[in-house]
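The primary structure of each chain is shown beneath.
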Amino acid sequence: MTVSGAWQRAARGAMLLGDDGVSRPTIFAEMSALATSRGAINLGQGFPDEDGPAEVLDAARRAISDGLNQYPPGRGMPVLRDAIAEHQARFYGLAYDPDTEVLVTAGATEAIAASILALTEAGDEVVTFEPFYDEYGAIAALAGATHVTVPLRAPAFQPDLDELRAAVSDRTRIILINSPHNPTGTVLGREALELIVELAHAHDALIVTDEVYEHLTFGVPHIPIASLPGARERTVSISSGGKTFNTTGWKIGWLTAPAEIVDAIVAVKQFLTYVNGAPFQPAIAAGLRLPDAYFRQIAGVLQGKRDLLAAGLTRAGFRVSSPQGGYFVIADAAPLGYPDAAELCRRLPDLAGVVGVPVSAFVRTERAREYASLIRFAYCKKLELLEGASAGLVRLGAR
C-alpha cells in the first residue's frame, strides 16, 4: 500500500519517498541503528552528550517543584518572552515587544513549520540554500509551495550571488536562510545577507531565518539579517535553546517578527502543538540571561572539539572543510579512494568504529553527484569520544 495526500507531499519534499510511492527510513535512523548494532561512535546525529549549565537545569527543577506543570500561555510564558526580547536587544540591538512580537514554539522545527504554513500558499516558491535541513523541503511541499534551492559548494560553501539572484523571482514568497548552516558550518557574510534583503524588497518576499547555532561561531560574527537596514519589517527570526544550552530534548524554540506576521503564525501554531514545555520555559529564560562569559565559553569549547576532530580526519587522509560555526565538519572521502560517501558511511562502523552521515542526504537527487563523496561528522561530543573517533579514522586512512 502506498501513502497519499499531505503526508506524501511532505515525504517527497524531505526526500523520504521514492517515485514508486514507497517510503524509506531517514539516513539518520539508519546510521544510528548501525552505530548501536556495531557499538560504533555515533557522530551522525547532532546532539551533545553533556548536560547544559547548572543554572538552567536547576531552574527547570525549581519550576517543576513550584507546580509549573500545566498549560502555559499560548504565546509562551511572559518570563521567557521577556528574556527573548532582552536577548535580541542585548546581542543584536533589535527591539521587539515581548507581548506582540515574540512567540515561543516547540523548538525551532515548529517555528519553521508554522511560519511556512502560515505565510505561503499553493504555487508560491520557498527559496533555500542546498544542502538543506530536510524539514524545509517537507513543509514547503506540505504547504503546496515549490522548493527552489541555491547550491553551497565545497570547500567554502558560500552562495554564488548570481545564482542567488536568479533563484528569487516574483513567485518567491519566502527566502529561508540557515546561518550558521547545517550541515556545512558556513556563516553567511554581510554581502550575501544584504543581497537577500535587496531581493526580498524587489520581489516583495519575506525572510525566514534558522539561527539555532547563533552563539556557536568561531572567529566570525553571526549577523542576524533582521539587524540590517530594511530587513526587520519583513523578517521572521527563529532560534531555540537546545543548541545553546545543551537541552535539545526540551524543544523550546521561539521566533521574533513584526506583530502582524506573528499573529498569522499563531493562527497556525495553535493547531500544531498549541503549547509545550511549561517548566522548561523559565529555565531557558534563565539561560538567556546568563553573563556574556558563558556564551563566549561555549563557542570556545566547541571550537576546540572541532579542531580535534578535523585534525583526526586530516591525518586519516580526508579533505576537510573548516566550519565557521555549528556542530558539524564536512570531510571529503574522495582522496581516500571512496567516491561514494553513502556506501562508505555504511562501512565505517566496521572499518573505523565511527558513524557519519553522507551529505547527499541533505540534497535533492538531481544535485547528489556534486556532494557524493562528502560526509558530515558531528563534533558536539565528549572529548574522549572525539579522541576515540579520530583514532579509528586514522586507522581507516592507514589501510
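Note that the structure is a prediction, hence the values are computed from the model and not measured.

### Observations regarding unusual backbone geometry
Negative phi is the rule for most residues except glycine; trans is the rule for most peptide bonds.
Next up, step 1: A cis amide bond, omega 10°, links Glu130 with the succeeding residue Pro131.
Next up, step 2: One can find Pro131 in the loop between β3 (125–130) and α6 (134–142).
Next up, step 3: Following Ser179, the chain continues to Pro180 via a peptide bond in cis, the omega torsion being -10°.
Next up, step 4: Within the secondary structure layout, Pro180 lies in the loop between β5 (172–178) and α8 (190–202).
Next up, step 5: Positive phi, normally seen in glycine, also occurs at Asp204, with a value near 50°.
Next up, step 6: Assignment of secondary structure puts Asp204 in the loop between α8 and β6 (206–210).
Next up, step 7: We note that Asn246 has phi near 55°; this positive angle belongs to a residue other than glycine.

### So, helix α11 (residues 292–316)
Next up, step 1: Between the first and last C-alpha of α11 there are 37 Å, a value that for 25 residues agrees with the 36 Å anticipated at 1.5 Å per step.
Next up, step 2: Within α11, burial applies to Tyr294, Phe295, Ile298, Ala299, Leu302, Lys305, Arg306, Leu309, Ala310, Gly312, Leu313 and Ala316.
Next up, step 3: In this structure, the buried residues of α11 make contact with α4 (78–92), α10 (280–288), β9 (319–320), β10 (328–332), β13 (374–378) and α13 (383–397).

### Focus on the domain arrangement of the chain
Next up, step 1: Once the domains are mapped, the chain shows domain 1 (6–51 + 294–398) and domain 2 (54–291).
Next up, step 2: Distance from the C-alpha centre of domain 1 to the C-alpha centre of domain 2: 24 Å.
Next up, step 3: Surface buried jointly by domain 1 and domain 2 totals about 3,400 Å² across both partners, of which 61% is contributed by carbon and sulfur atoms.
Next up, step 4: Summed over the shared surface of domain 1 and domain 2, the result is two salt bridges.
Next up, step 5: Here Glu370 and Arg153 are joined by a salt bridge, their closest N and O atoms 3.4 Å apart.
Next up, step 6: Linking domain 1 with domain 2 are 19 residue pairs in polar contact (both at pLDDT 80 or more), by the criterion used here.

### A short note on the sheet that holds strand β12 (residues 357–358)
Backbone hydrogen bonds hold the strands of a sheet together, and the pairing may be parallel or antiparallel.
Next up, step 1: The four strands are arranged β9-β10-β13-β12 in an open sheet whose pairing can be described as antiparallel. Looking along the sheet, the strands with just one partner apiece sit at the ends: β9 and β12.
Next up, step 2: When β9 meets β10, the two strands line up antiparallel, connected through two bridges. Bridged to Val320 within β10 is Ala331.

Calculation criteria
- For every chain, the first residue of the written sequence is number 1, and numbering continues from 1 along that sequence.
- Restriction of local features to residues with pLDDT of at least 70 applies here, the model being predicted, together with a cutoff of 80 or more for giving and counting side-chain atom pairs; totals for whole chains, interfaces and linings are based on all residues.
- Note that water and hydrogens are dropped before the side-chain values are worked out from all heavy atoms of the structure.
- Note on conventions: DSSP H or I runs of at least 4 residues are helices, E runs of at least 2 residues are strands, and numbering of each starts at the N terminus.
- Any helix carries an expected span of 1.5 Å times its number of residues minus one.
- The classification of residues rests on relative accessible area computed with a 1.4 Å probe and restricted to protein chains. Under 20% of the type maximum is buried, over 50% is exposed, and intermediate values are partly exposed.
- A contact between two residues is defined here by any heavy atoms of the two lying within 4.5 Å.
- An automatic or database domain assignment supplies the residue ranges for each domain.
- Note on terms: buried area is the combined drop in 1.4 Å-probe accessible area of two parts once they are placed together, counting the loss on both.
- Throughout this description, the term salt bridge denotes a Lys or Arg side-chain nitrogen within 4 Å of a carboxyl oxygen of Asp or Glu.
- Pairs of N or O atoms within 3.5 Å make up the polar contacts considered here, provided that, within protein, one atom can donate a hydrogen while the other can accept it, and that residues adjacent in sequence are counted only when both atoms are side-chain atoms.
- Should DSSP find at least two bridges between two strands, the strands are regarded as paired.

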